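# Remarks on the overall topology
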Amino acid sequence: MTTLTTRILLGLASFGLVGLLGATPAYAHAGGEKRSPEARVERLCAELACTPAQKAKILEIKAAGRTPQATAAHDQLRALKQQMRAEREKASPDATVIERLKGQITAQKAVLHGEREATQKKVAAVLTPAQRTKYQAHLDARAKRHEGKRHGEGKRGEGKRDGKGKGKGKGKGQSQRQSQGSETRYG
């Protein structure tokens, strides 16, 4: 009996050890951990083939964007979202409070978006024309990856499966099924 218990414990321990060894820093980002600003600039510069001088300038631009005011703006947005969440979780949410918070969140996002665009323009000014083209493609790809992920954007039912998502909205898949009628819905 003891040998069976020992074997099971050794098996579980070795399985856990293999799992720990498999979690290397190379996979850390896949789990949702955010990259440092320096690591993001490093990756961008590798993609764009930046010179050391360009890389230094881009790091300087990014560091200049991390001001106490920018941090406060991000913190304020986070606080507004938390207030929105708390209001929506109430037994009887106040519609006027929700609308006011929506307006404040939209305004705060606009401020942050403007700051982000200004930083992107400064970075683009450091690059060569060929690098700017690659940089714009990088920004476009990033925007496409994040498209529809923001809360409240996109139509329900129009997911990645060409409108055949799980939403209950009137996406392409839903409206086609409705037009066919219920008798042919599953046929």
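Fair warning: this is a prediction, and the values are worked out from it, not measured in the lab.

Inspection of the secondary structure puts P37 in helix 2 (residues 37-48). Along the chain, P37 and A63 lie 26 residues apart, while their C-alpha atoms are 8.3 Å from each other.

Between helix 2 and helix 6 (residues 129-146), the least distance of the axes is 10 Å, while the angle of their chain directions is 125 degrees. By the angle class used here, helix 2 and helix 6 are oblique. Where helix 2 crosses over helix 6, the handedness of that crossing is right-handed. The segment helix 2 lies against helix 6, with L44, E47 and L48 engaging Q131, K134, Y135 and H138.

This paragraph deals with the nonpolar core. V41, L44, C45, L48, C50, I58, I61, V123, A124, L127, Y135 and L139 form the largest nonpolar core, which has twelve residues in total. Within the residue set of this core, elements represented by two or more residues are helix 2, helix 3 (52-65), helix 5 (95-126) and helix 6. Per-element accounting of this core gives the leading share, four residues, to helix 2. Dropping the residues within four chain positions of it, I58 is found in contact with V41, C45, C50, V123, V126 and L127. Within the second largest apolar cluster, nine residues are counted, among which are A73, L80, V97 and L101.

Procedures and definitions
- Residues numbered from 1 in each chain as written.
- Predicted model: local features only at pLDDT ≥ 70, side-chain atom pairs only at ≥ 80, totals over all residues.
- Heavy atoms only, no water.
- Helix = DSSP H or I, 4+ residues; strand = E, 2+ residues; numbered from the N terminus.
- Axes fitted to C-alpha atoms, helices over the stretch in contact; angles between N-to-C directions.
- Parallel < 35°, antiparallel > 145°, perpendicular 65-115°, else oblique.
- Left-handed = near helix turned anticlockwise from the far one by under 90°.
- Contact = heavy atoms within 4.5 Å.
- Core = buried A, V, L, I, M, F, W, Y, C linked by side-chain atoms within 4.5 Å.
- Buried < 20%, exposed > 50% of the residue type's maximum accessible area, 1.4 Å probe, protein only.

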